[in-house]
Amino acid sequence: MGSVKGFMDIERETPATRPVADRLKDQKEVYQPFPLEKYREQGARCMDCGVPFCQSATGCPLGNAIPDWNDMVYRDQWEEALSLLLSTNNFPEFTGRICPAPCEGACVLGISEPPVTIRNIEEIIAEKGFENGWMQPNPPQKRTGKTVAIVGSGPAGLAAADQLNQAGHSVTVFEKADRIGGLLMYGIPHFKLEKTIVSRRIELMKAEGVEFKTNSHIGVNIPGNELMENYDAVLLCCGSEKPRDLPVEGRDLDGIHFAMDFLPQQNKRNEGDTIPEDISITARDKNVLIIGGGDTGSDCLGTALRQGAKKVCQFELLDEPPSERKPGNPWPQWPAILRVTSSHEEAQEPVTQYNVSTLKFTGENGRVTKVHAVKIKFGEPDLQTGRRPIEEIPGTRFEMDIDLVLLAMGFVHPVHEGLVKELNLELDGRGNVACDSKKMTNQKGIFVAGDMTRGQSLVVWAIAEGREAARSIDEYLVGHTFLPHSEWL
Ligand SMILES: Cc1cc2nc3c(=O)[nH]c(=O)nc-3n(C[C@H](O)[C@H](O)[C@H](O)COP(=O)(O)OP(=O)(O)OC[C@H]3O[C@@H](n4cnc5c(N)ncnc54)[C@H](O)[C@@H]3O)c2cc1C
Ligand code: SF4
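Here's a quick rundown of the structure. Quick caveat: nothing in here was measured; it's all calculated off a predicted structure. (Residues numbered from 1 in each chain as written. Chains lettered and ligands numbered in written order. Predicted model: local features only at pLDDT ≥ 70, side-chain atom pairs only at ≥ 80, totals over all residues. Heavy atoms only, no water.)

Re the packing of aromatic side chains
Here a ring pair, both rings aromatic, is described through the centre-centre distance and the interplanar angle of the planes. Under the definition given, this model contains six aromatic pairs. Between Phe 315 and Phe 398 the ring centres are 5.9 Å apart and the planes differ by 75°, which places this aromatic pair in the edge-to-face class. Placement of the pair is Phe 315 in strand β8 (residues 311-316) and Phe 398 in strand β13 (residues 398-401), with a sequence separation of 83 residues. Just above the ring of Phe 130 sits the side chain of Arg 200; from NZ or CZ to the centre is 3.6 Å. Geometry around Phe 191 places Arg 306 over its ring, the cationic atom sitting 3.9 Å from the centre. (Phe/Tyr/Trp six-rings, centres within 6.5 Å; stacked < 30°, edge-to-face > 60°. Helix = DSSP H or I, 4+ residues; strand = E, 2+ residues; numbered from the N terminus. Lys NZ or Arg CZ within 6 Å of the ring centre and 35° of its normal.)

Laid out in structure tokens, this is it:
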């Protein structure tokens, strides 16, 4: 523990965001640099609790040794802090930027004071590592002669590839997109995670011997069975890509798109690609409606504002979250409270309407021009299912002029057509790919990790899943493993 009274003497501080007017002109990350001394001070707020809930099951899914590296940061022991952080997290430069930080929700200091600034400290430890040349390619000393094919290059596939490569197996990652990274590359906007950060890591992994094959759609242009024949084990990390739809009247009008048809186009433009006119979706000069009040909706908002939307509005079916924890949501649970994202800050006025249900869309010449909606409330929960029925509030129907609708209501499960059907993979009750405690599917030698089996989740959970699958695959291939366990899976 660096400073015994740090938590009493020092206030929580986080890096400031750049002025809204500036950041709306570009796609760069929204935070300003934070002096190194400030990070050290923030590390000193850590109380080094006897039971560090920040790294428990309700805190960091990776079990990051947070109090230890907070102390090392306070003591200026950056290289030691990096080495400890990398022992539990393959990609702290990603989570240090975009993790919602459940660790901070479980921080003991958070019971009575603002929690320790954990996520930002994680980011700076990783960045110091790159800056000082400590992140060098570290290929395995010996190869085992075993081969593993990984399908999907999101955080789950990348974490598994990194672990399996370190264990000496020869790993090939197949990706259907033209760039590596999954949602880190196509989906999550540049203003949250600049893509040079993703490519920097991919280059490091390549130098360590991981092979990447883009434009390889397994189950479509390469049969899944081919991988089974040519590799000793196969790991599927294809994400949860089937979006939740809104089956209301007028849904098929032009101008209504899924968020994931919209966001990756902007990622591609930022990377210098040209989107053909006939498929290009942009918010420029449009009245935009985003349906869904979660993080994907917030990413659509920030992107639409940067594209020069005339007006943006967001509908959310659920109640507005409270500003503080409710009694049924005590510490150290994830606080289900209202969060103002950087995109909402950029809108400069409240854009989200809560308890709104979309009734239908109408249009002219085949293009959407209006949304028709109503205010709702939730009735008493059903005793058997626990579900609360939705009740329309009489006299609250309204309509609104719109030119572009972005559907951001989450994802239901992985795509079943293609690979999942070809390999006859068993599904769980929610349509995700089922697996046993070793992350093996019903097909011997085929493993699964990340959103594809867990359902729509977080980058940090995808990394934990990838690490756990790697451990099981290593054991399957050579009969034992020294790869670490993901404690909370
Ligand atoms: C818009 C958006 C913003 C988000 N923001 C955050 C955030 O800020 N913080 C956070 O923690 N989480 C965020 N998430 C969630 C997070 O990105 C996911 O939980 C995480 O990326 C899941 O990782 P994964 O590796 O399982 O799958 P993915 O990242 O979805 O990667 C799956 C990859 O598999 C490829 N693939 C699929 N099928 C095939 C096939 N048959 N052949 C070859 N390749 C295939 C896909 O092209 C994709 O590249 C966000 C999600 C979205 C949609
Ligand atoms: S990965 Fe997320 S939960 Fe874990 S320490 Fe980092 S910010 Fe916290």
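That was the structure; now back to the text.
Here we look at the site of ligand 2
Close to ligand 2 lie 13 residues, the nearest being Cys 60, Asn 64, Cys 99, Cys 103 and Glu 122. In terms of residue count, the dominant contributor to the shell around ligand 2 is helix α8 (residues 118-131) (three residues). Tallied by class, the residues present in the shell around ligand 2 amount to nine nonpolar, two polar and two charged. (Near = heavy atom within 4 Å. Nonpolar A, V, L, I, M, F, W, Y, C, P; charged D, E, K, R; others polar.)

With respect to helix α10 (residues 195-207)
Relative to the 18 Å expected for 13 residues at 1.5 Å per residue, α10 spans 18 Å between its end C-alpha atoms, a close match to the ideal helical length. Within α10, burial applies to Lys 195, Ile 197, Val 198, Arg 201, Ile 202, Leu 204 and Met 205. Looking at the packing, one finds that the buried side of α10 touches α5 (78-86), α6 (92-98), α8, α9 (155-166), β3 (211-213) and α12 (259-270). Downstream of α10 by one or two residues, Gly 209 has phi in the positive range, about 110°. (Expected span 1.5 Å × (residues − 1). Buried < 20%, exposed > 50% of the residue type's maximum accessible area, 1.4 Å probe, protein only. Contact = heavy atoms within 4.5 Å.)

With respect to the pattern of salt bridges
One pass over the full model with this rule turns up 29 salt bridges. As a salt-bridge pair, Arg 18 and Asp 26 come within 2.8 Å of each other at their nearest N and O atoms. A relative accessible area of 16% means that Arg 18 is categorised as buried. Here the salt bridges share partners, and the residues they tie into one network are Glu 29, Arg 97, Glu 123, Glu 127 and Arg 200. (Salt bridge = Lys/Arg side-chain N within 4 Å of Asp/Glu carboxyl O.)

Brief notes about a nonpolar patch on the surface
A surface patch of nonpolar side chains, about 260 Å² in accessible area, is lined by Leu 317, Leu 318 and Ile 390. Note that Ile 390 resides in strand β12 (residues 390-392). (Patch = residues over 30% accessible without salt bridge, like charges linked within 9 Å, V, L, I, M, F, W, Y side chains within 5 Å. Areas by Shrake-Rupley, 256 points an atom, 1.4 Å probe, with all protein chains shown as cover.)

Thoughts on the nonpolar core
Ile 125, Ile 150, Leu 184 and Leu 235 are the most contacted members of the largest nonpolar core, which totals 70 residues. Looking at this core, the element that brings in the most residues is helix α17 (residues 459-478), giving ten residues. Those residues in contact with Ile 150, other than ones at most four positions away along the chain, are Gly 157, Ala 160, Ala 161, Leu 164, Val 171, Thr 172, Val 173, Phe 174, Leu 235 and Cys 237. (Core = buried A, V, L, I, M, F, W, Y, C linked by side-chain atoms within 4.5 Å.)

Considering the sheet that holds strand β14 (residues 404-407)
Overall, parallel pairing links the five strands, which are arranged β6-β14-β7-β8-β9 in an open sheet. Strands at the two margins of the open sheet, each flanked by one partner only, are β6 (256-258) and β9 (352-354). Along the sheet, successive strands turn relative to each other by an average axial angle of 20°, direction set aside. The pairing of β8 with β9 spans three bridges and is parallel. (Pairing = 2+ DSSP bridges. Axes fitted to C-alpha atoms, helices over the stretch in contact; angles between N-to-C directions.)

Describing the state of the cysteines
All told, the structure shown has zero disulfides when counted by the stated rule. In this structure Cys 313 is a free cysteine whose sulfur lies 13 Å from that of Cys 300, the closest cysteine sulfur available. (Disulfide = S-S within 2.5 Å.)

A short note on the site of ligand 1
Neighbouring ligand 1 are 33 residues, the closest being Ile 98, Glu 175, Lys 192, Ile 218 and Asp 451. One of the side-chain N or O atoms of Glu 175 is found 2.6 Å from an oxygen atom in ligand 1. Val 459 is positioned with one of its backbone polar atoms (N or O) 3.0 Å from an oxygen atom of ligand 1. When ligand 1 sits alone it has 1000 Å² of accessible area, and the protein chains cover 95% of it. Secondary-structure elements contributing two or more residues to the shell around ligand 1 are α9, α13 (295-307) and α17. (Polar contact = N/O pair within 3.5 Å; in protein donor to acceptor, adjacent residues only side chain to side chain.)

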